[in-house]
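Listed here are the chains, written in short residue letters.
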Amino acid sequence: MSYIEDIRSAGTSNLPWERLEGKNIFVAGATGLIGGCLIDILMNRKEMGYEVYAAGRNERRAAKRFAHYADDKRFHFVCLDVTQPLTIDNEIHYIIDAASGASPSVYATDPVGVMRGNIYGVDNLLSYGERHGMERFVYVSSGEVYGEGDGQEFTEDYSGYINITSERACYPSSKRAAETLCVCHSVQNGANVSIARPCHVYGPHFSETDNRVYAQFIRNVLNGEDIVMKSAGRQYRSWCYVVDCAEALLYILLKGKDREAYNIADESSNITIRQLAEMVAGMACRRVIMRTADEEERKGYSVISKAVFDTSKIKALGWEVHGTMEQKMRSTISEASV
């Protein structure tokens, strides 16, 4: 299926959609891969009487990404840097915080900004929500909070090693701290909070500055180039298609429990970086070639050798994945732009 068909299918999920009727839904990080997909699912349920607030820093990107919603009275764009307090004054009933610097290059060039975005962002959004009628908050964390594991599948109660004295730890360490801050807001202020931990996510509509491996691989083949790898690619990862991930967030929002964390991954899509490169290259009849990474690129690389997620907890909410990674990657490549 195409991306838009997947979006429409996600909008028919067996969820208590009626809880959103008449509500205001706020998505921070709306111009990012996951946040933008979540906006698409919400806006394509045209029969629903809720309003959607899409918040992001890049007004130009938002105008392009959400052009087809510009005349829809249910849609509102909010230009927002989550490190700053919100200046709007609306009742917000549901907040999904998907705002975070998630490109490896940013970990090397602006680690302070990454940490501020994760920690200040959670505090500013939760503090606003607590003053403006918030009913539920979902924090989009990351599977990187697990650190280097022991080879077993990551369950939500696992915690592995992170070298906190490296600048690369700006991302997983601040994600861990932000999760704890969510729980503290719940305990101290009564906020109803759940945490999502997505694995590596792929799909169309990634930004022009996104330098995660799958985006780089797709750019290579769309430009008629061979795929360039700058490591051996032995890291073994769980992956998830962005529509499946966004649908999972809605399950967590509408069916998840307070102060609980939920892994998001497609267990049929566990592959190495090298296998991913070969998959994408094969779809475009290109090759995989090796080059040496420079020092700044190496600073952004994850040192985690294996990150495979147990998803039994979110499956218990009713979420499930259909289709293969190959099908969804073909759809991603066909609809991506460089």
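In what follows, the structure referred to is the one given above.
Bear in mind the structure is a predicted one, so any value in this text is a computation, not a measurement.

### Observations concerning the environment of Ile 273
Here's step 1: In this structure, Ile 273 sits in helix α9 (residues 273-283).
Here's step 2: Judged by its relative accessible area of 8%, Ile 273 is buried.
Here's step 3: Sequence spacing of Ile 273 and Leu 253 is 20 residues, and the spatial spacing of their C-alpha atoms is 31 Å.
Here's step 4: In contact with Ile 273, other than residues within four places in its own chain, are Val 213, Phe 217, Met 229, Gly 233, Gln 235, Arg 237 and Trp 239.

### Details of the packing of α9 against helix α12 (residues 325-335)
Helix-helix packing is characterised by the crossing angle of the two axes and by the distance between the axes.
Here's step 1: Taken N-terminus to C-terminus, the directions of α9 and α12 make an angle of 60°; their axes are 11 Å apart at the nearest point. Relative to α12, α9 is oriented oblique. Note that α9 runs across α12; the crossing there is right-handed. Where α9 abuts α12, its residues Leu 276, Met 279, Val 280 and Met 283 lie against Met 325, Glu 326, Met 329, Arg 330 and Ile 333.

### Quick look at unusual backbone geometry
Here's step 1: One non-glycine residue, Arg 259, lies in the positive phi region at around 65°.
Here's step 2: Relative to the assigned elements, Arg 259 resides in the loop between α8 (242-255) and β10 (260-264).
Here's step 3: Given the relative accessible area of 43%, Arg 259 is considered partly exposed.
Here's step 4: Within the chain, Cys 285 stands out as a residue other than glycine whose phi angle is a positive 55°.
Here's step 5: With respect to the secondary-structure elements, Cys 285 resides in the loop between α9 and β12 (288-290).

### Describing the sheet that holds strand β2 (residues 51-56)
Here's step 1: Read from one edge of the open sheet, seven strands run β3-β2-β1-β4-β5-β6-β10, paired in parallel fashion. This sheet does not close on itself; its edge strands, each paired only once, are β3 (75-79) and β10. Strand-to-strand twist across the sheet, computed as the mean angle between neighbouring axes with direction ignored, equals 20°.
Here's step 2: Pairing of strand β4 (residues 94-97) with strand β5 (residues 136-140), which is carried by four bridges, proceeds in the parallel orientation. Bridge pairing in β5 links Ile 96 to Val 138.
Here's step 3: Contacts from helix α5 (residues 111-131) reach β1 (24-28), β4, β5 and β6 (193-198) within the one sheet, and its direction differs from that of β4 by about 180°.

### With respect to the packing of aromatic side chains
Here's step 1: According to the stated counting rule, one finds 11 aromatic pairs in the structure shown.
Here's step 2: Ring geometry for Tyr 69 against Phe 75: centres 5.8 Å apart, planes inclined by 45°, an arrangement best described as tilted.
Here's step 3: A relative accessible area of 13% means that Phe 75 is categorised as buried.
Here's step 4: Each ring, one from Phe 206 and one from Tyr 214, has its centre 5.5 Å from the other, and the planes form 85°; the classification is edge-to-face.
Here's step 5: Overall, the relative accessible area of 7% leaves Phe 206 in the buried class.
Here's step 6: Each residue in the set Tyr 146, Phe 154, Tyr 158 and Phe 309 is aromatic and connected to the rest through ring pairs, giving one cluster.

### What to know about the nonpolar core
Here's step 1: Residues Leu 20, Ile 39, Ile 264 and Met 329 are the most contacted members of the largest nonpolar core, which totals 81 residues.
Here's step 2: Beyond its immediate chain neighbours, meaning those up to four positions away, Ile 39 contacts Val 27, Ala 30, Val 52, Ala 54, Phe 66, Tyr 69 and Phe 75.

### Quick word on the state of the cysteines
Here's step 1: The final tally for this structure, using the stated rule, is zero disulfides.
Here's step 2: Not engaged in a disulfide, the cysteine Cys 170 finds its nearest cysteine sulfur in Cys 182; these two sulfurs lie 18 Å apart.
Here's step 3: Left unpaired, Cys 184 is separated from the closest cysteine sulfur, that of Cys 182, by 9.3 Å.
Here's step 4: The class of Cys 184 is partly exposed, set by a relative accessible area of 39%.

### Overview of helix α2 (residues 33-43)
Here's step 1: With 11 of 11 residues buried, α2 lies mostly within the body of the structure.
Here's step 2: For α2, the full list of buried residues reads Leu 33, Ile 34, Gly 35, Gly 36, Cys 37, Leu 38, Ile 39, Asp 40, Ile 41, Leu 42 and Met 43.

### Section: the side chain of Asp 6
Here's step 1: Considering the arrangement of structural elements, one finds Asp 6 in helix α1 (residues 3-10).
Here's step 2: Of the side chains bearing the opposite charge, Lys 328 lies closest to the buried Asp 6, which forms no salt bridge; the N-O distance is 7.2 Å.

### Considering the environment of His 322
Here's step 1: Inspection of the secondary structure puts His 322 in the loop between α11 (312-315) and α12.
Here's step 2: Assessed through its relative accessible area of 56%, His 322 is described here as exposed.
Here's step 3: Each C-alpha atom of the pair His 322 and Leu 222 lies 26 Å from the other, and the pair is 100 residues apart in sequence.
Here's step 4: Looking at His 322, its side chain comes within polar contact range of the side chain of Glu 320, at 3.3 Å.

### As for the pattern of salt bridges
Here's step 1: Enumeration according to the criterion identifies 13 salt bridges in this entry.
Here's step 2: When the shortest N-O distance is used, the salt bridge between Arg 287 and Asp 226 registers 2.9 Å. With Arg 287 in the loop between α9 and β12 and Asp 226 in the loop between α7 (213-222) and β8 (227-229), this pair connects stretches of sequence that are 61 residues apart.
Here's step 3: Arg 287 gets classed as exposed once you look at its relative accessible area, which sits at 54%.
Here's step 4: For Asp 226, a relative accessible area of 14% puts it in the buried group.
Here's step 5: The salt bridge involving Lys 313 is made with Glu 260; its shortest N-O contact spans 2.5 Å. Here Glu 260 lies in strand β10 and Lys 313 lies in helix α11, a separation of 53 residues in the sequence.

Conventions and cut-offs
- Residues numbered from 1 in each chain as written.
- Predicted model: local features only at pLDDT ≥ 70, side-chain atom pairs only at ≥ 80, totals over all residues.
- Heavy atoms only, no water.
- Helix = DSSP H or I, 4+ residues; strand = E, 2+ residues; numbered from the N terminus.
- Buried < 20%, exposed > 50% of the residue type's maximum accessible area, 1.4 Å probe, protein only.
- Contact = heavy atoms within 4.5 Å.
- Axes fitted to C-alpha atoms, helices over the stretch in contact; angles between N-to-C directions.
- Parallel < 35°, antiparallel > 145°, perpendicular 65-115°, else oblique.
- Left-handed = near helix turned anticlockwise from the far one by under 90°.
- Pairing = 2+ DSSP bridges.
- Phe/Tyr/Trp six-rings, centres within 6.5 Å; stacked < 30°, edge-to-face > 60°.
- Core = buried A, V, L, I, M, F, W, Y, C linked by side-chain atoms within 4.5 Å.
- Disulfide = S-S within 2.5 Å.
- Lys, Arg positive; Asp, Glu negative; His and termini not counted.
- Salt bridge = Lys/Arg side-chain N within 4 Å of Asp/Glu carboxyl O.
- Polar contact = N/O pair within 3.5 Å; in protein donor to acceptor, adjacent residues only side chain to side chain.

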